[in-house]
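Close look at the chain arrangement
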Amino acid sequence: MKYSELTLHYFQTAPATGVLTGPDVYRGAAGNRAQGTWVQFDLRVSGNIIHAARFLAFACPHTIAATAWVAEHAGGPLSRGALPGGVQDLSERFAVPPEKRGRLLIIEDAWVAAATSALQR
Amino acid sequence: MLKPVYLDHAATTPVDPRVAAAMAQCLTMEGEFGNPASASHAYGDAAGALVETARAQVAACVGAAPAEVVWTSGATEANNLAIFGVAQYYREQGRHIVTARTEHKAVLDPCRELERRGWRVTRLAPDSAGVIDPGQVAEALQADTVLVSIMHVNNEIGVIQDIPAIGAACAQHGLARLHVDAAQSVGKTAVDFAQFGADLMSLSAHKVYGPKGVGALLVSRGVRREQRGVGWEQRAPVQLTALQFGGGQERGFRAGTVATHQVVGMGLAFELARKAPPSEAERIAALRERLWRGLASLGGTLRNGDAQRSVPHVLNTSFEGVEGESLLAAVRDRLAVSTGSACTSALQEPSYVLRALGRDDILSESSLRFGLGRSTSENDIDTAVAVVGEAVSRLRKISGA
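The following paragraphs examine the structure supplied in this document. (Residues numbered from 1 in each chain as written. Chains lettered and ligands numbered in written order. Predicted model: local features only at pLDDT ≥ 70, side-chain atom pairs only at ≥ 80, totals over all residues. Heavy atoms only, no water.)

What follows concerns the packing of aromatic side chains. Each aromatic ring pair is specified by the distance between its two centres and by the angle formed by the two planes. Inspection of every chain in the model, using the stated rule, returns four aromatic pairs over all chains. Between Y10 of chain A and F94 of chain A the ring centres are 5.9 Å apart and the planes differ by 90 degrees, which places this aromatic pair in the edge-to-face class. With a gap of 84 residues between them, Y10 of chain A in helix α1 (residues 5-13) and F94 of chain A in the loop between α3 (87-93) and α4 (101-119) connect regions that are remote in the sequence. In this structure Y10 of chain A comes out as buried when scored by relative accessible area, which is 8%. When the ring of Y89 of chain B is compared with that of Y90 of chain B, the centres are 5.0 Å apart and the planes differ by 70 degrees; the resulting orientation is edge-to-face. Against the face of Y90 of chain B rests R177 of chain B, its NZ or CZ located 3.5 Å from the ring centre. R394 of chain B extends its terminal NZ or CZ atom over the ring of F11 of chain A, reaching a point 5.1 Å from the ring centre. (Phe/Tyr/Trp six-rings, centres within 6.5 Å; stacked < 30°, edge-to-face > 60°. Helix = DSSP H or I, 4+ residues; strand = E, 2+ residues; numbered from the N terminus. Buried < 20%, exposed > 50% of the residue type's maximum accessible area, 1.4 Å probe, protein only. Lys NZ or Arg CZ within 6 Å of the ring centre and 35° of its normal.)

Our next topic: the state of the cysteines. Residues and elements named next belong to chain B. The full count for this structure, using the stated rule, is zero disulfides over all chains. The structure places no disulfide on C26, whose sulfur is separated from the nearest cysteine sulfur, that of C61, by 19 Å. The class of C26 is buried, set by a relative accessible area of 6%. Between C170, a free cysteine, and C111, which holds the nearest cysteine sulfur, the sulfur-to-sulfur gap is 13 Å. Since its relative accessible area comes to 1%, C170 is described here as buried. (Disulfide = S-S within 2.5 Å.)

Moving on: the pairing of strand β1 (residues 25-32) of chain A. Residues and elements named next belong to chain A. As paired elements, β1 and strand β2 (residues 37-46) share eight bridges and run antiparallel to each other. Considered in β2, the bridge of G31 is made with W38. Between β1 and β2, which pair antiparallel in sequence order, lie four residues; one of them, G36, sits at a positive phi of approximately 100 degrees. (Pairing = 2+ DSSP bridges.)

All right, on to the interface of chain B and chain A then. At the junction of the two partners, chain B supplies 20 residues and chain A supplies 24 residues. At the boundary of chain B with chain A, total buried surface from both sides reaches about 1700 Å², with 61% on carbon and sulfur atoms. Summed over the shared surface of chain B and chain A, the result is one salt bridge. Here E325 of chain B ties to K100 of chain A by a salt bridge, and the two come within 2.7 Å at their closest N and O atoms. Viewed at the interface, chain A and chain B are joined by seven residue pairs in polar contact (both at pLDDT 80 or more). For the side of chain B that touches chain A, the leading source of residues is helix α13 (residues 378-399) of chain B, giving five residues. Taken together, the residues of the side of chain B that touches chain A sort by class into nine nonpolar, five polar and six charged. (Contact = heavy atoms within 4.5 Å. Buried area = accessible area lost by both parts, 1.4 Å probe. Salt bridge = Lys/Arg side-chain N within 4 Å of Asp/Glu carboxyl O. Polar contact = N/O pair within 3.5 Å; in protein donor to acceptor, adjacent residues only side chain to side chain. Nonpolar A, V, L, I, M, F, W, Y, C, P; charged D, E, K, R; others polar.)

With that settled, consider the sheet that holds strand β4 (residues 76-77) of chain A. Spatially, the four strands line up as an open sheet ordered β1-β2-β3-β4 (chain A), and their pairing is antiparallel. In the strand order of this sheet, the two ends are held by β1 and β4 of chain A, each with one partner. The strands touched by α13 of chain B are β2 and β3 (49-58) of chain A; relative to β3 of chain A, the strand with the most contacts, the crossing angle is about 130 degrees. (Axes fitted to C-alpha atoms, helices over the stretch in contact; angles between N-to-C directions.)

The next thing to look at is the environment of L90 of chain A. All names here are of chain A. With respect to the helices and strands, L90 occurs in helix α3. Sequence-wise, L90 and D109 are 19 residues apart; in three dimensions their C-alpha atoms are separated by 14 Å. Among residues more than four places away in sequence, those in contact with L90 are A66, W69, V70, L83, V96 and L104.

Right, dumping it as structure tokens:
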């Protein structure tokens, strides 16, 4: 499997890995380890502003890279729960093969779960 | 950039420089470039003599008679020739074949093709250690079984099957011919065609420091061995229907000009393997255990295959809490190993061998096969442990495992 330089960079450095704790942290997860892909986001939110994001992922390099990028670029307005960049943008940015694009939907589902949790607080 | 540490000797080995030199002597005007089938002049005679020397070298290494060696392009062709050749030749006697779920694709795919053409195939399941009980083979034999194809050493987990016992089961049946894929065996564990009681055996050169593109099928001539008093003496030579025609070379089993340089390389590679001191196998075995101890110390490491019944050159491990493709991607710049996944597309598929042992998909995908060889040093092993340890630790942290 060949990976783009950006994919390798985010896979190897995996910024924003980990979890957040506290009353202002909202968590969402999607996927299933037993099926090969699982993603979790923690968002620190106050006043509808995301101040920090962390992720965990049991996944392939493309998915880890895309999830790390999302977490790194998550800061800012919660904007109705939309995934930063969007699935199509992630697919192109990380040159995700067509067979794997369904995994980006797992990232989106995890993000939406976390964001929805924050919006419904 | 430093080359990754090579620990994939079960996939292929570098050609031994002595082998490469011998091969080079068969290519140019100054060497023995003649057509070995050209009996009308000295060039052909000289090349023919080299081919026969190589045939004797291969035979001596595996307990066969030189006349039983049929050159092929490799073990895959040998497997195809054995399976299709027997099935076709004995089709009036029966159309049932017995094999194992853990065989190489070069056996499973021909069997599947025969199934498509109307043959019946029984695929035996190994135990959780990868071992096929010879009793399973005996039970699977039916009145119309014409072929049993069981590999000697498994290419993914290194487990050695009890071929002599399986051979005895086939002999008692009377009709079933035994084919053994021994591509992974030579130079790693004792191989004795006669003692195994096999009718056919596939061999490869490039797994044993010979060139790619050459192998052999041993085809028993039926001069049988005083084995276990089960009537080997009465057995007829095994017959095959050839798969290709045009020249009648190799007893008519494999038409085409014999590639002198290739078979000379294979012959010398096998001779070098035969003459390797036992201490080399002990050295490799010690390195493998050093590797296993290092990987086991990471925690959550599972050893795949029966450690007591495997060749010393192979270690296959699964890592809990780690996704397979990410593991391989994390180590590949510094380590050349094989993964338990079959990368047939962008999506990886779990190893069918490990699945047959009962591993789940995730553990099957998160496995690495380490293939040790002549060049492997303690430093290589320590590097491998460090690289894998770092990768596993990082991926577990990312996954929260």
